[in-house]
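Listed here are the chains, written in short residue letters.
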Amino acid sequence: MIILVGISAITFFLARVAPSDPAALWVGIHARAEQIEKARIELGLDKPLYVQYYIYMRDLIGGDWGTSYRTRRPVIDDIRNYLPASMELAIAGQIIAITIGIPLGVIAASRKDTMTDHASRVLAIAALSVPVFWIGILLQILFARTLGILPIEGRLDLSVAMTHPIQKITGFFLIDSLLTGNWIAFTDALKHIILPAIALASYSTGLSLRMTRSTMIEVLREKYLKTARAFGLPENQVRFKYALKNAVVPTLMVLGISFSWSLTGAFLVEVIFNWPGLGTYVWRAILAVDYPVIVGIAIIAALIVLLTNLILDLAQAWIDPRVRL
Amino acid sequence: MSGMSPPLLSVQDLRVDFDTYDGVVKALESVTLEILDGEVFGLVGETGCGKSVTALSIMRLIPENGKIVEGKILFRAEDWLSKTEEEMRKLRGGKISMIFQDPTVSLNPVFTVGQQIIDVIMIHQHVGKEEATTRASEAFKLVALADPDKALKLYPHELSGGMQQRVMIAMALSSNPDMLIADEPTSSVDVTIQAQLLRRLLEIKSARKLAILLITHSMGIVAETCDKVGVMYAGNVVELGPMRDVLKDPLHPYTKGLLEAIPTPRSRGKRLSIVKGTIPDLINRPLGCAFHPRCSYAMEICRAERPAAVNLGSGRRVACHLVKR
Amino acid sequence: MSDLSVSVEAREKREARFREIRLTLHILTRNPLSVVSIVIFAFLFFLAAFAPWVAPYPDAYQGVPHVPDRYLPPSLGHLFGTDYLGRDILSLIIFGTRLSLLAGFTIVAIAVGIGWPLGVIAGYVGGRIDDIIMRTTDMFLAFPSLVLALVIAFALGPSLINSMIAISVAWWPWYTRLARADAASLRERTFVEASKAVGLGDWTIMRRHILPNTMAPIVVQATMDLGTAILAEAGLSFLGLGAQPPTPEWGLMISMGRSVTFSAWWYATFPGIFIFITAMAFNLFGDGLREALDPRLRRIRGG
């Protein structure tokens, strides 16, 4: 709880330090001096900082997150609009990362010090070293431009959105189109999400691979596996039943960290692929010195991270009998 | 051996090397011993003398960087060194079982003890889960675990050290093996529990005609529980014989030292005697008898030549230049 | 504990540390990947140090435009093509090496410089100070670090130096957390008691004993973070919050190249390759170092 307050405070004050005048932006370029002044009073920017903060927090708790200076809509609504897009991308990226990273990590650990293991490690490090924004651009050049098989940016083709609009159930294009049998939209949405998801997944894949590998190595070394073998349990059972369950818990921790990182990456990826999510939203907000949005997003980001960690903690407690809440 | 039935286990001239970063560690130089059916054999020596390695070699569980260079291991006259890994796996926990020193790390923390012993029973006795559960409960009863059915559902960390060790023993004996190897089974529990465990073990042994290879650094334990004793030093069996004979008349200087080091009520108020010095470098073994630097009876020949084991009749054997007959 | 025995213990510890370092170096050089990364380092440092002599068009750094040569594709004359000002991209990249290496080391240095001592203080002193420091750390850590750095960089105003500061400020909590854990456990050790008994003050104890003993995980983390630091800085520059044009910073070049991605693909591609190689070298080295230092991964002695 305190953490949230702290974060909001930091972001709040930080944003205001920025050398830009939101009042001017609010009113527009052609405004006259007194209009700007009037706007400033309206927006409450003339009051001392701590008063502004107090007003903000008061409204926040009441459910009013302020109105975006740029879009003129309540921040909450904007967030609600853009959140699903970001979530969909983030989750897609994570799924890719886990499907590649974890199995490879397990294999690398069981073949420690062989060629396979070394290759995996190099692969993991490579994935961790790739600049997210660069790989995004590269993918665009390769698949969109040169090969022309995938779209450059965006979430859905305009033409498809017009002719086969997706019914909004969850806000996730992929799920919604599937649920309503809207195949055309589904394939289109899929085509659009592949490249950004891959770009986003790169770092997380490296992370998952590396951490799964070291976790498995530790687990495989544990004495209770020696005991299991001493009692004649077959190797398969030893590895997959006995070892794996112990590895699950640290792996969940990996997921948590991986997810936080992908929030960062999501930001860059959205900007490059023009993905209509929170990343792009907050990017434009930063450029426009849109205070309420910046602070609002900061809080949301922190909330998401905290929530994810909480879920992971719960999962841990459920699997590992030694962990007590 | 003088008209008796063939020994259950016969180890002959076993030599084991380990490949390490610092060089090749010659852990076992030449180990020879025999254990008869239903006999309690104590293998005693200080840390690093190779007793655990001997046990692990019998079970074929030595770590990857170790190699059995030469020697024979015969179980019921069958050559075990030529068996495949799969054949050995079936024997482990079935015909021969091993329990280890620290039960807390030997049991898998994320499964109940019941699940673990049931797994072992199912593998070796080829029965279904229900039948296995019944047998598991019986095994727990055998080791005098209070409330066996309830114990099945507990996790290792919910049991005390003594109870955990009982679980291990139950697992080891569940499929009625011919021999049990116990590697320092009581070193991690306190003295009272230690006495209880050993007593229980001996009771079981008598009831089932179970041979036990008891590995320990405590001469005191061996003196109280074993029929036969083998004293190991730096990878060799330096003295071997029936417990009473060796106790009464120890021939090897090391054996003498070990016996003298046992504190008795008589030693109260006096300085405890010790065997001075430390074990030799196992990578660059010195010439001659490995014990000679610490031996108060060392002669010229001890420095130059390694003493061969000499059979003295009625089951006694010594490897020392002092004894030549 | 007499003065003599304290100093004997200190000397023994120093000697033990030297042995450790030599052993670590030995294991490190046995790993081919680490060797490769060290070679790459050497190469990069060479480029950075001798840029004006190595670069084919040294005046590219000055930003002298050769307008007629704008956006030339890669050729023998310009291995990596030219940019919007007609400058040779290869030369720009070579000069950019300086910036990236500088950025990486500075960021980590500042973050460690702030975080490590704070962590030691928190762990050693404990109590309310510990609480305050750790709460602050938690606050920072709950945030995706790049976003935080972004906001800070924005608040400070876009420039290379500011982005470096921003990232350092976003990162120091990691080191604090790392150092605190070690410091807290070290506090219980007897040599601390002994030092107190000899009359050493808290600050001296922290400086001379606790600090050096918490070094190992910090060093490992710092080495691994060097690569990430370079990536982060490039990221901020890409977004426009770091180096400003016409600085030959790699991330910035990618951003400039993005607007002409489809006509002048080389502009965005080559700087990225260099970022990748540099980050990879640092990460490989860090990984190798981590394996070399891990006591359990060293070969087991038999017995």
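Colleague: Explain the overall build of chain B here, please?
Modeller: Scanning chain B from terminus to terminus reveals 12 helices and 12 strands. Taking the principal axes of the C-alpha coordinates as reference, chain B spans close to 65 × 50 × 45 Å. Taking all 325 residues of chain B together, the buried fraction comes to 44%. Counting only contacts in chain B whose residues sit at least 6 apart along the sequence, the fraction spanning at least 24 positions is 64%.

Colleague: Help me understand the interface of chain B and chain A, please; the structure alone is not making it clear to me.
Modeller: Interface size is commonly expressed as the accessible surface area that is lost when the partners come together. Taken residue by residue, the interface counts 23 residues in chain B and 15 residues in chain A. Looking at the side of chain B that touches chain A element by element, the count peaks at 4 residues for helix H4 (residues 113-125) of chain B. Per-class residue counts for the side of chain B that touches chain A are 12 nonpolar, 7 polar and 4 charged.

Colleague: Which parts of the structure should I look at to understand helix H10 (residues 183-221) of chain A?
Modeller: Given 3.6 residues per helical turn, the α-helix brings residues three or four places apart onto the same face. Its 39 residues give H10 of chain A an end-to-end C-alpha distance of only 49 Å, which falls more than 12% under 57 Å, the value for a rise of 1.5 Å per residue. The sharpest bend along H10 of chain A measures roughly 40° and falls at Ser 202 of chain A.

Colleague: For this particular structure, what's the right way to read the nonpolar core?
Modeller: Within soluble globular proteins, side chains that are nonpolar tend to cluster in buried spots. Counting 255 residues, the largest nonpolar core has Ile 117, Ile 181, Ile 212, Leu 213 and Leu 214 of chain B together with Ala 149 and Leu 150 of chain C as its most contacted members. Sort the elements by how many residues they give to this core and helix H4 (residues 89-125) of chain C lands first, with 18 residues.

Colleague: Any chance you could explain the packing of helix H5 (residues 75-110) of chain A against helix H13 (residues 278-287) of chain A here in plain terms?
Modeller: For any two helices packed against each other, the geometry comes down to the angle between their axes and how far apart the axes lie. Residues and elements named next belong to chain A. With their axes 7 Å apart at the nearest point, H5 and H13 run at an angle of 130° to one another. In terms of orientation, H5 and H13 fall into the oblique class. Between H5, through Asp 78, Ile 79, Tyr 82, Leu 83 and Ser 86, and H13, the contact on the second element is made entirely by Leu 278, Gly 279 and Tyr 281. For the contact of H5 with H13, the residue count by class is 5 nonpolar, 2 polar and 1 charged.

Colleague: Any chance you could explain the environment of Ile 167 of chain C here in plain terms?
Modeller: Residue and element names in this part refer to chain C. Tracing the sequence through the fold places Ile 167 in helix H7 (residues 160-186). Distance in space between the C-alpha atoms of Ile 167 and Ile 152 is 8.3 Å, their sequence separation being 15 residues. Among all residues touching Ile 167, those that are not within four sequence positions of it are Ile 107, Ala 149, Ala 229, Ala 232 and Glu 233.

Colleague: For this particular structure, what's the right way to read the packing of helix H6 (residues 115-129) of chain A against H10 of chain A?
Modeller: All names here are of chain A. The N-to-C vectors of H6 and H10 enclose an angle of 145°; their axes lie 7 Å apart at closest approach. The crossing of H6 and H10 is left-handed. Residue-level inspection shows Ser 120, Leu 123, Ala 124, Ile 125, Ala 127 and Leu 128 of H6 in contact with H10, the latter providing Ser 202, Tyr 203, Thr 205, Gly 206, Leu 207, Leu 209, Arg 210 and Arg 213. Grouping the amino acids of the contact of H6 with H10 by side-chain chemistry returns 8 nonpolar, 4 polar and 2 charged.

Colleague: Help me out: how do you make sense of the confidence of the model for chain A in this one?
Modeller: As a general rule, the predicted coordinates of low-pLDDT regions are not to be interpreted in detail. On average, residues of chain A carry a pLDDT of 74, and 73% of them reach 70 or more. When mean pLDDT is compared element by element in chain A, H6 of chain A scores highest at 87, while helix H2 (residues 22-27) of chain A scores lowest at 50.

Colleague: Teacher, can you tell me more about the interface of chain A and chain C here?
Modeller: Counting from both sides, the interface comprises 36 residues of chain A and, opposite them, 35 residues of chain C. Elements with a minimum of two residues in the side of chain A that touches chain C: helix H1 (2-17), H6, helix H7 (132-146), helix H12 (235-273) and helix H14 (291-319) of chain A. Ranked by residues supplied to the side of chain A that touches chain C, first place goes to H1 of chain A with 8 residues. Grouping the amino acids of the side of chain A that touches chain C by side-chain chemistry returns 28 nonpolar, 6 polar and 2 charged.

Colleague: Even after reading the chapter, I still don't get unusual backbone geometry, so can you show me in this structure?
Modeller: Peptide bonds are, in most cases, trans, and in most cases residues other than glycine have a negative phi. Residues and elements named next belong to chain B. Located in the positive-phi region is Arg 60, a residue other than glycine, with phi close to 60°. Note that Arg 60 resides in the loop between helix H1 (51-59) and strand S4 (66-75). For His 126, which is not glycine, the phi torsion reads 50° and is therefore positive. With respect to the helices and strands, His 126 occurs in the loop between H4 and helix H5 (129-142).

Colleague: What's the story with the pairing of strand S9 (residues 228-233) of chain B in this structure? I'm lost.
Modeller: Residues and elements named next belong to chain B. Counting buried residues along S9, 6 of its 6 residues qualify, which places the element largely inside the surrounding structure. Alternating positions in S9 separate into two faces, Lys 228, Gly 230 and Met 232 on one and Val 229, Val 231 and Tyr 233 on the other, with burial throughout. For strand S3 (residues 40-44) and S9, the ladder comprises 4 bridges, and the chain directions are parallel. Paired with Gly 42 across the strands is Val 229, a residue of S9. Bridge analysis of S9 against strand S10 (residues 236-242) gives 6 bridges, and the strand direction is antiparallel. Paired with Val 231 across the strands is Glu 239, a residue of S10. Two successive antiparallel strands, S9 and S10, enclose a turn made up of 2 residues, where Ala 234 displays a positive phi of approximately 45°.

Colleague: What is the right way to look at the confidence of the model for chain B in this model?
Modeller: Residues and elements named next belong to chain B. Summarising the model, chain B shows a mean pLDDT of 84, and 97% of its residues fall at 70 or more. Mean pLDDT across the elements of chain B bottoms out in helix H12 (residues 300-304) (82) and peaks in S3 (92). The complex model carries a pTM of 0.72, and its ipTM stands at 0.74.

Colleague: Quick question: what am I supposed to make of the pairing of S10 of chain B here?
Modeller: Side-chain direction in a regular strand flips from residue to residue, so the side chains alternate between the two faces of the sheet. All names here are of chain B. When you tally the buried positions in S10, you get 6 out of 7 residues, the bulk of the element. With 2 bridges joining them, S10 and strand S12 (residues 317-318) adopt antiparallel strand pairing. In the sheet register, Leu 240 faces S12, and the bridge partner there is Arg 317.

Colleague: Would you explain helix H9 (residues 202-213) of chain C in this entry?
Modeller: All names here are of chain C. Between the first and last C-alpha of H9 there are 15 Å, a value that for 12 residues agrees with the 16 Å anticipated at 1.5 Å per step. Inspection of H9 places Met 206, His 209 and Ile 210 among the buried residues, and these make up the whole buried set. Each buried residue of H9 sits inside an arc of 125° when the element is viewed along its axis, so together they form one side. Exposed residues pointing more than 90 degrees away from the buried face of H9 are listed as Trp 203, Thr 204 and Pro 212.

What counts and what doesn't
Residues numbered from 1 in each chain as written. Chains lettered and ligands numbered in written order. Predicted model: local features only at pLDDT ≥ 70, side-chain atom pairs only at ≥ 80, totals over all residues. Helix = DSSP H or I, 4+ residues; strand = E, 2+ residues; numbered from the N terminus. Buried ≥ 20, exposed ≤ 12 C-beta atoms within 10 Å, placed from the backbone. Contact = placed C-beta atoms within 7 Å. Nonpolar A, V, L, I, M, F, W, Y, C, P; charged D, E, K, R; others polar. Expected span 1.5 Å × (residues − 1). Bend = angle between axes of the 7 residues up to and from the residue. Core = buried A, V, L, I, M, F, W, Y, C linked by C-beta atoms within 7 Å. Axes fitted to C-alpha atoms, helices over the stretch in contact; angles between N-to-C directions. Parallel < 35°, antiparallel > 145°, perpendicular 65-115°, else oblique. Left-handed = near helix turned anticlockwise from the far one by under 90°. pLDDT = per-residue confidence, 0-100. Pairing = 2+ DSSP bridges. Arc of directions from axis to C-beta.

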